[in-house]
Amino acid sequence: MALGGGYFKTTYASDLALVDTRLRRVALAALVAALLVLPRLTSSFVLDLAAQVALAAIGALALNVLTGLAGQISLGHAGFICAGAFTTAALVEYGVRSPWAALAGAAAVGAALGLMVGIPSLRLRGLYLALGTLAMHHVVLYVASELQSRWGANTGYSIPPPRVGALTLRGTVTWYYVLTGLAALTLCFAANLQRSRAGRAWMAIRDREIAAASVGIDVARYKVLAFVCSSMVTSVAGALFAFQRGFVSVEAFGFLVTVEYIAMIIIGGLGSALGAVLGAAFVTLLPYVIDALVAGLKLQAGAEYYLFPAKFGAFGLLMALFLVFEPQGLVGIWRRVRNWFLLWPFRYRPLRSTS
Amino acid sequence: MAQVLATTLVVASLYALLAAGYVLVYRASRVLNLAQGDMLTLGGYLLFAVAANVGGGPVLAIPVAAALAALTGFLIYLVLMRPMAGHPVFAAVLVTVTLGILLRAAIVLVFTDQIRHPAQLLGLGNPPRRLPGGAVVSTFDVLTVLTAAALFAGLFLFLRLSPLGIQMRAAGERALLASQRGIDFHRLFALAWALAALSGALAGILYSSNVRLEPSLDVLGLKAFAVALVGGLDSLGGVIPAAILVALIEVLTVRYGNPLLSDVSPFLCLLAMLLVRPWGLFGTREELERV
């Protein structure tokens, strides 16, 4: 099997390529083909799940840029999502017909919020920064609930399906394609960002801020840039959430949502774009898997009541187990398994590759 | 005016009880315990469980519930937090988040999410009391203020006079030096967690007897967190003025602003503090550089 060594490149082009060997190209083509034909094969329930995973992946990739790459802790992720969703809702409510304009508005608000949180991050570190973002989350939620109670119908805003050109985005299949496509785009963006100047600067800042500054990285600029990038993408994810659901209410953006996103990037593996996607799939699908398991058990009536707290507890337990026993996350497990098969009968690579 | 002051004092006492838990754990191990709000619900539900199953009146039920909560805090340290020693602080903070999730799930599993009133179960009334100056507060309001005062007095005496308390201060001040003098850190951390759970549970016992008991009360924990930061995360003495300040702002916004805004006012205080003086009113300045 040729997976590429990571350290033996003969041309500049092969160094730049994201997918560098034939096996990888074939696997990627097979994956894309499978995603394209999926709507013909499965029920709309599965498609809806896939769309949810894709949406969560966009948010998780954005959080991964901030926390995994730049090492800046955010407890306000749900606040940024909420900001995007409510900006979209408010813009649509006041007659902005074009979804592009709404998305751009959400991105602008997200970037502005990122700037507002990013600037104190120059002074604050670690936990103190996390607290600032937590406070920001509550302030955003307050503004949103004021909007909702003053101008929206009291329970929330409803949003008509957006029209792009002649096409109205409505129905499970359409949204599956839209969200999966956008998630793939975000994945490419995140993977390339990681390899770019900014990504390398962020990783240097994450690993040792003083050392990063001493090799000429403008720490202040890159920190703020990480916040702006991350919150912009997060806001767009919020806007997409609003369009897909067609309904926005403050209740959907509690602190638990933040915890879920943090769980995604931790369970997936911090600092890895693939990990963010795997984690998003894991955390999104976990409740449904538990549902299926319980349905298979055929419990007596009345047991459904315990399902919700049981799911909630399983989620907390898994997160704790990953934190304590597998800090590398799913990506770490995947790499270990892959390397075991690749290297068998040997135990180590001759040289450590970067992939 | 007297009513505003009285209400402020009551709210401040509740926040101070909760914030003491944050500060105790933070001073000992630099870990922020984001599950402190769930310690509050835990205390309330322990009281409910003891009252429902054991009975024996408030004189027995309240101390038993408080002791069980302290024991839970000790176990939490042993099972969840001790394995995190040596891991990055942020990972430990996330473990406290998952702890909050687990506690909440366990509470809903065992007790369901109905609203409960443990005080009724114990046969306690909550008659209003008229204070000099015309303010009216409930009996449990008075008890909350008295408990907070007693807890803080006890903590100050403990930290100032007892050998264990002095060790705790030493460990909080210079961890390395303290460990070289043979201070057993894990014992201190376990004690800090037990005390934090105890103070949170006291807040929960009082609040649930006074108002109501439901799993979503853990929001109060986040508000008290703003209090801990405004006072300075490593300063137990700072909690009291900070609690009064934050509570006063909150009570005034309820009275003259709107209730939605009052819910976020502690977080606005927190943001303002982070911008102006991130180490808090009475915190140590180097603290910020160390984390």
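Just so it is clear, the model here is predicted, and its values are computed rather than measured. (Residues numbered from 1 in each chain as written. Chains lettered and ligands numbered in written order. Predicted model: local features only at pLDDT ≥ 70, side-chain atom pairs only at ≥ 80, totals over all residues.)

With respect to the overall build of chain A
Helices and strands together make up the secondary structure of chain A, namely 14 helices and 4 strands. The C-alpha extent of chain A, read off along each of the three principal axes, is 65 × 55 × 45 Å. Across the 355 residues that make up chain A, the buried fraction comes to 43%. Once local pairs closer than 6 in sequence are excluded, the contacts in chain A between residues at least 24 apart make up 77%. (Helix = DSSP H or I, 4+ residues; strand = E, 2+ residues; numbered from the N terminus. Buried ≥ 20, exposed ≤ 12 C-beta atoms within 10 Å, placed from the backbone. Contact = placed C-beta atoms within 7 Å.)

Observations concerning the overall build of chain B
Secondary structure assignment for chain B yields 13 helices and 2 strands. Seen through its principal axes, chain B has C-alpha atoms that stretch 55 × 45 × 35 Å. The proportion of buried residues among the 291 residues of chain B is 53%. Contacts in chain B between residues at least 24 apart in sequence constitute 76% of all its contacts with a sequence separation of at least 6.

Notes on the packing of helix α11 (residues 239–256) of chain B against helix α12 (residues 259–276) of chain B
Residues and elements named next belong to chain B. Interaxial distance between α11 and α12 falls to 8 Å at its minimum, and their mutual angle equals 155°. One element, α11, and the other, α12, form an angle in the roughly antiparallel class. Helix-helix and strand crossings are classified by hand; for α11 and α12 the assignment is right-handed. Contacts between α11 and α12 involve V246, I249, E250, T253 and V254 from the former and P259, L261, S262, S265, P266 and C269 from the latter. Considering only residue class, the contact of α11 with α12 consists of 7 nonpolar, 3 polar and 1 charged. (Axes fitted to C-alpha atoms, helices over the stretch in contact; angles between N-to-C directions. Parallel < 35°, antiparallel > 145°, perpendicular 65-115°, else oblique. Left-handed = near helix turned anticlockwise from the far one by under 90°. Nonpolar A, V, L, I, M, F, W, Y, C, P; charged D, E, K, R; others polar.)

Comments concerning the interface of chain B and chain A
Between chain B and chain A, the residue contacts involve 32 residues of the former and 32 residues of the latter. Taken together, the elements giving at least two residues each to the side of chain B that touches chain A come down to α4 (89–111) and α12 of chain B. Of all the elements, α4 of chain B adds the most residues to the side of chain B that touches chain A, at 15 residues. Of the residues belonging to the side of chain B that touches chain A, the class tally is 30 nonpolar, 1 polar and 1 charged.

Describing the nonpolar core
Residue and element names in this part refer to chain B. Among the nonpolar cores identified, the biggest contains 210 residues, and Y15, A19 and A243 are the most heavily contacted of them. Here this core takes 18 residues from helix α1 (residues 2–29), the largest share from any one element. What A243 contacts, discounting residues up to four positions off in sequence, is A12, Y15, A16, A19 and V227. (Core = buried A, V, L, I, M, F, W, Y, C linked by C-beta atoms within 7 Å.)

Side note on unusual backbone geometry
Residues and elements named next belong to chain B. A positive phi angle is found at R30, which is not glycine, with a value near 60°. Within the secondary structure, R30 is located in the loop between α1 and α2 (36–53). For R30, a count of 19 C-beta atoms within 10 Å puts it in the partly exposed group.

A word on helix α9 (residues 185–210) of chain B
The terminal C-alpha atoms of α9 of chain B, which comprises 26 residues, lie 37 Å apart, in line with the 38 Å expected from a rise of 1.5 Å per residue. Across the 26 residues of α9 of chain B, 22 count as buried, placing the element largely inside the fold. (Expected span 1.5 Å × (residues − 1).)

Points about helix α13 (residues 307–325) of chain A
Spanning 19 residues, α13 of chain A covers 26 Å between terminal C-alpha atoms, matching the ideal 27 Å at 1.5 Å per step. For α13 of chain A, every residue scored as buried is listed here: G313, F315, G316, M319, A320, F322 and L323 of chain A. Contact partners of the buried residues in α13 of chain A: α11 (255–268), α12 (273–297) and α14 (329–343) of chain A together with α3 (57–81) and α4 of chain B.

Focus: the environment of C229 of chain A
Residue and element names in this part refer to chain A. Mapping C229 onto the fold places it in helix α10 (residues 219–245). Judged by the 24 C-beta atoms lying within 10 Å of it, C229 falls in the buried class. Considered as a pair, C229 and E146 are 83 residues apart in the sequence and their alpha carbons are 27 Å apart.

A short note on the packing of helix α4 (residues 77–93) of chain A against helix α6 (residues 126–150) of chain A
Residues and elements named next belong to chain A. Where α4 meets α6, the axes come as close as 8 Å, and the angle between the chain directions of the two elements is 25°. Compared by their axis directions, α4 and α6 come out roughly parallel. Seen from above, α4 lies across α6 with left-handed handedness. On α6, the residues that touch A78, G79, C82, A83, F86 and A90 of α4 are M136, H137, V140, L141, A144 and L147. Its residues assigned to classes, the contact of α4 with α6 comprises 10 nonpolar, 2 polar and no charged.

Considering the environment of L220 of chain B
For L220 of chain B, the location among the structural elements is in helix α10 (residues 219–231). For the pair L220 of chain B and T144 of chain B, spaced 76 residues apart in sequence, the C-alpha to C-alpha distance is 15 Å.

Some thoughts on the environment of L24 of chain B
Residues and elements named next belong to chain B. Following the sequence through the fold, L24 ends up in helix α1. Looking at L24, the number of C-beta atoms within 10 Å reads 28, which means it is buried. Separated by 113 residues in sequence, L24 and V137 have C-alpha atoms that sit 30 Å apart. Leaving out residues up to four positions away in the same chain, L24 has contacts with A192, L195 and A196.

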